[in-house]
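Secondary and tertiary structure notes
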Amino acid sequence: MMRPFLAAALAAAALFFTVPAVAATPGVGECMECHGDKTNEMTLPNGTTVSLFVDMQAYRSSVHGGSSCTTCHADAKAPHEKLKKVSCGKCHGDAEKSYAGSSHGKLHAKGITDVPGCDGCHGRHDIRKPKDPAARTFRLNIVATCLRCHKDRAIEQKYNLPDQKVMAAYEQSVHGMASKKSGLTGSAVCVDCHGNHSILPGDLPRSATHRQNIPKMCGKCHPGILEQYDKSVHGKGMRGGIAESPVCTDCHGEHTIAKIHDPSSSVSSRNIPKTCSGCHDKEAISTRYALPKKRFSSYMDSFHGIAVEYGMTKAANCSSCHGVHDILPAADPASSVNKANLPKTCGKCHPNAGPNFAKGDVHVEVSPKKAMGVFAVRLFYTIFISALVMLFVLHLGLELYGRWNRRKENGPGGKEGQS
Amino acid sequence: MAEDDRKDATRDAVGREIESAMNGQVSGLPPEQAEALREKIRLRVREEIERDLRARTASDRKDAAHLAKEARKKEKHGEEGETFIRFNRNFRFQHMVMFSSVILLIITGMPLKFPNFILSRFVINFWGGIQYSTIVHRIGAAMLIYFMIHHFLYTILTRDGRRDFWLLLPKLEDAKDIVHNIRHFLGKLPDKPRFGRFSYIEKFDYWAVYWGCIIMIGSGLFLWFETDVLRFLPKYALDVAHEMHSDEAMLATLAIVIWHFYNVHFNPDRFPGTLLWWHGRMSEHEMKEEHPLELEEIVARRAKESAEVSNG
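Residues numbered from 1 in each chain as written. Chains lettered and ligands numbered in written order. Predicted model: local features only at pLDDT ≥ 70, side-chain atom pairs only at ≥ 80, totals over all residues.

Looking only at helices and strands, chain A features 23 helices and two strands. Taken against the 2.2 N^0.38 rule, which gives 22 Å for 419 residues, the C-alpha radius of gyration of chain A at 35 Å runs more than 25% over that of a compact globule. Here chain A holds 419 residues, and 25% of them are scored as buried. Nonlocal contacts in chain A, meaning residues at least 24 apart in sequence, comprise 49% of its contacts between residues at least 6 apart. (Helix = DSSP H or I, 4+ residues; strand = E, 2+ residues; numbered from the N terminus. Rg over C-alpha atoms; globule rule 2.2 N^0.38 Å. Buried ≥ 20, exposed ≤ 12 C-beta atoms within 10 Å, placed from the backbone. Contact = placed C-beta atoms within 7 Å.)

Structure, rendered in structure tokens:
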């Protein structure tokens, strides 16, 4: 599992530093005779210099510090030639098995050197328990560990990975801020969503970040929300295999997840109409699932929509009436926008809302069928305003025409404007 | 020059008077002492006189300048003659309350109708956001309601109000005036129609405000007290009120901006406007131009009154 250059280094070290052989299995002290020397290094065939120094102190405080060198380097003698690769799977069989199935593991097995092996994330002689704040795999250090490779432009391009901006966005997200700024270990870091040893790209159904697995994955930390979502029309649709049915990330984003009070959040008061209408304003979706149309435009025409657009966070947005994770179709008697429940729903903001709140559409579509009164008033005023404006303009146009004519007759400076 | 001569003459006369008065006072004193005292008194009195003269000439100059200005004005607007009070103080006050409220209502209301217009966000933010602009809108609404009540009482309770109301009612003459005016514009008739106190243009303005106020205040109160209204009416009634409020606002704004502004401000006779709304006065010349029938009536009434007075 070691990087080949290390293996090569050890091999070369074995060739160059010949220490008299004494025993078959050397103790730690014997190894350190050579490997305790800080200046001990070797040059690889390609010209790079590699240190052969092993920090004894770091090794002793590591999780494996109690063992001897030969626990991992079983074939080590003093002096030794090129050693075999260390096999972590000898003890950590489960981890090795799931690693082998991951994107990293598959590439690593092909001999590609720039994907991490065990040591890429865990380190070598200084491996610590993930609970240890000094460990590379400690929750607050994981982002830095992953970003060592995933911030590298060359690697991104080579493996067609998302742009580093996506990774940078995580640090500004609610999860990133909680772990980085507030130092909370409960906040989600890379491995909580993507998995650790078994990491796979999101388009594979086995991946933790595959669409179908996302609610379950987010529900690990947000179980109460998952319970609500499962009962909602979106949750049912998702379980029924409807591809368009939104999962957590469709509304909240992935690496960009922000608090709802953050204006940049896709579910903030100002942005939620746009987020919902990303699907609900689509002709194809509303036709296929027989949903009412013009939900966005009719909302934006209402006072609620205008007030939200002007930054009044108190004004009702989509979720104020329809609910958030527990959205149900209006036909469902349990839905907050069922006609029977509307007075209660409106009453959240309009105290003493009565049954009259439910008489008439909330999303007013101005058409003779849907809202005859509004349609008639609008039609009347359209005609009335156009006619009046035309008469105004005609009257004052004629007046100016008359003035101009008389001015021409009387000459400039004449009795213009006077009869 | 003449002023200076007069000043000198006055000064000399006063000087002689002082000399003679002083001679009585200083008699009996030694000559040096007498001369010193005399000099002291002389200086003090001179000072006093100078100051008085300075003050008097300053106020004279001010008066002269004022008279000259009046004369110039008279020369320039010689033909304007007498000034008439067209709108009394009460009426002017009503108009000011109304236009302030309407301006407030339009600038806080239109951004809600046109949220995508480029200035809308600026206007709303000017008031500190929509939470505050809606309060300003309600202040404007309260002013307009006050105006409506004030005008209603004015129409019922005052003599001028009652008279104007009758004169503002549309009559057959107005239809004739419209036809006449259009033919005049087209050059078919040489003279403008002869209007009374209110031309059809002004009558239209007046009744447009009447209609507008009733619709806007009515539908606006629906929207203001929506929860209370919804106790008695279904939501679709409120939707209709909302639509009326929005559309009538558009109509009122266009009527003001096109019709009223043109006829009062941008009309070449008036450009860039008139202060009639502030002082309420109209010159005889303007009266002859715009309200000849009213002027005739006033002249006739005066003749009758003076005849009555001389008879009595």
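Our next topic: the overall build of chain B. Each helix and strand in chain B was counted, giving 13 helices and two strands. For 312 residues, the compact-globule estimate of 2.2 N^0.38 gives 20 Å, and chain B exceeds it by more than 25% at 33 Å. Judged by the C-alpha coordinates and their principal axes, chain B covers about 110 × 60 × 45 Å. Residue pairs at least 24 apart in sequence account for 67% of intrachain contacts in chain B once pairs closer than 6 positions are excluded.

Counting residues in each nonpolar core, the largest one holds 26 residues, and the members touching the most others are A:Ala307, A:Tyr310, A:Leu342, A:Phe357, A:Val374, B:Val240 and B:Ala241. Those elements that place two or more of their residues in this core are helix H20 (303–309), helix H22 (342–347) and helix H23 (372–410) of chain A together with helix H10 (235–266) of chain B. Looking at this core element by element, the count peaks at four residues for H10(B). Ignoring sequence-local partners within four residues, the contact set of B:Ala241 consists of B:Ser219, B:Phe222 and B:Leu223. (Core = buried A, V, L, I, M, F, W, Y, C linked by C-beta atoms within 7 Å.)

Contacts between chain A and chain B engage 37 residues on the former and 35 residues on the latter. Secondary-structure elements contributing two or more residues to the side of chain A that touches chain B are H20 and H23 of chain A. A per-element tally of the side of chain A that touches chain B places H23(A) first, with 18 residues. Residues that form the side of chain A that touches chain B fall into these classes: 20 nonpolar, twelve polar and five charged. (Nonpolar A, V, L, I, M, F, W, Y, C, P; charged D, E, K, R; others polar.)

Residue pairs three or four apart in sequence face the same way in an α-helix, which turns once every 3.6 residues. Residue and element names in this part refer to chain B. Helix length check: helix H7 (residues 172–185), at 14 residues, gives a terminal C-alpha distance of 20 Å against a target of 20 Å (1.5 Å per residue), a fit within 8%. Regarding H7, the residues found buried are Asp-177, Asn-181, His-184 and Phe-185. Considered in projection along H7, the buried side chains sweep an arc of 95 degrees and stay on one side of the axis. Among the exposed residues of H7, those pointing more than 90 degrees away from its buried face are Leu-172, Ala-175, Lys-176 and Val-179. Gly-187, located one to two residues past H7, shows a positive phi value of around 85 degrees. (Expected span 1.5 Å × (residues − 1). Arc of directions from axis to C-beta.)

The assigned domain composition of chain B is domain 1 (15–58) and domain 2 (83–307). The C-alpha centroid of domain 2 of chain B is placed 71 Å from the C-alpha centroid of domain 1 of chain B. (Domains from an automatic or database assignment.)

Quick look at the environment of A:Pro263 now. Residue and element names in this part refer to chain A. Mapped onto the secondary structure, Pro-263 falls in the loop between helix H16 (248–252) and helix H17 (272–280). By C-beta crowding, Pro-263 is classed as exposed, having 11 other C-beta atoms within 10 Å. Taking C-alpha positions, Pro-263 is 51 Å from Thr-48, a pair spaced 215 residues apart along the chain.

All names here are of chain A. In this model, chain A carries an average pLDDT of 85, and 92% of its residues clear a pLDDT of 70 or more. When mean pLDDT is compared element by element in chain A, helix H14 (residues 223–231) scores highest at 94, while helix H1 (residues 4–16) scores lowest at 56. The low-confidence segment residues 18–23, where pLDDT is below 50, has nine contacts with residues more than four positions distant or belonging to other chains. Counting contacts from residues 413–419, a segment whose pLDDT is below 50, to residues more than four positions away or on other chains yields 13 contacts. (pLDDT = per-residue confidence, 0-100.)

In this section: the environment of B:Ile214. Among the structural elements, B:Ile214 can be located in helix H8 (residues 200–224). Residues B:Ile214 and B:Tyr132 lie 82 residues apart in sequence; the distance between their C-alpha atoms is 25 Å.

The subject of this paragraph is helix H3 (residues 89–113) of chain B. Taking 1.5 Å per residue as the helical rise, H3(B) with its 25 residues ought to reach 36 Å, and the 36 Å between its terminal C-alpha atoms agrees with that figure. Buried within H3(B) are the following residues: B:Ser101, B:Val102, B:Leu104, B:Leu105, B:Thr108, B:Gly109, B:Pro111 and B:Leu112. In this structure, the buried residues of H3(B) make contact with H20 of chain A together with helix H4 (120–126), helix H5 (130–157) and H10 of chain B.

What follows deals with unusual backbone geometry. All names here are of chain A. Residue Lys-294 is not a glycine yet carries a positive backbone phi of 55 degrees. Lys-294 gets classed as partly exposed once you count the C-beta atoms within 10 Å, which come to 17. Unusually for a residue other than glycine, Asn-352 sits at a positive phi of about 65 degrees. Structurally, Asn-352 can be placed in the loop between H22 and H23.

A word on the confidence of the model for chain B. The predicted model of chain B has a mean per-residue pLDDT of 87, with 95% of residues at 70 or higher. Helix H1 (residues 2–26) of chain B is the least confidently modelled element of chain B, averaging 72 in pLDDT, while H5(B) averages 96, the highest of any element.

Contact geometry for H23(A) and H7(B): axes closest at 8 Å, N-to-C directions at 45 degrees. As judged from the angle between their axes, H23(A) and H7(B) are oblique. Listed contacts from H7(B) to A:Leu398, A:Glu399, A:Tyr401 and A:Gly402 of H23(A) are B:Ile182, B:His184 and B:Phe185. Among the residues forming the contact of H23(A) with H7(B), the class breakdown is four nonpolar, two polar and one charged. (Axes fitted to C-alpha atoms, helices over the stretch in contact; angles between N-to-C directions. Parallel < 35°, antiparallel > 145°, perpendicular 65-115°, else oblique.)

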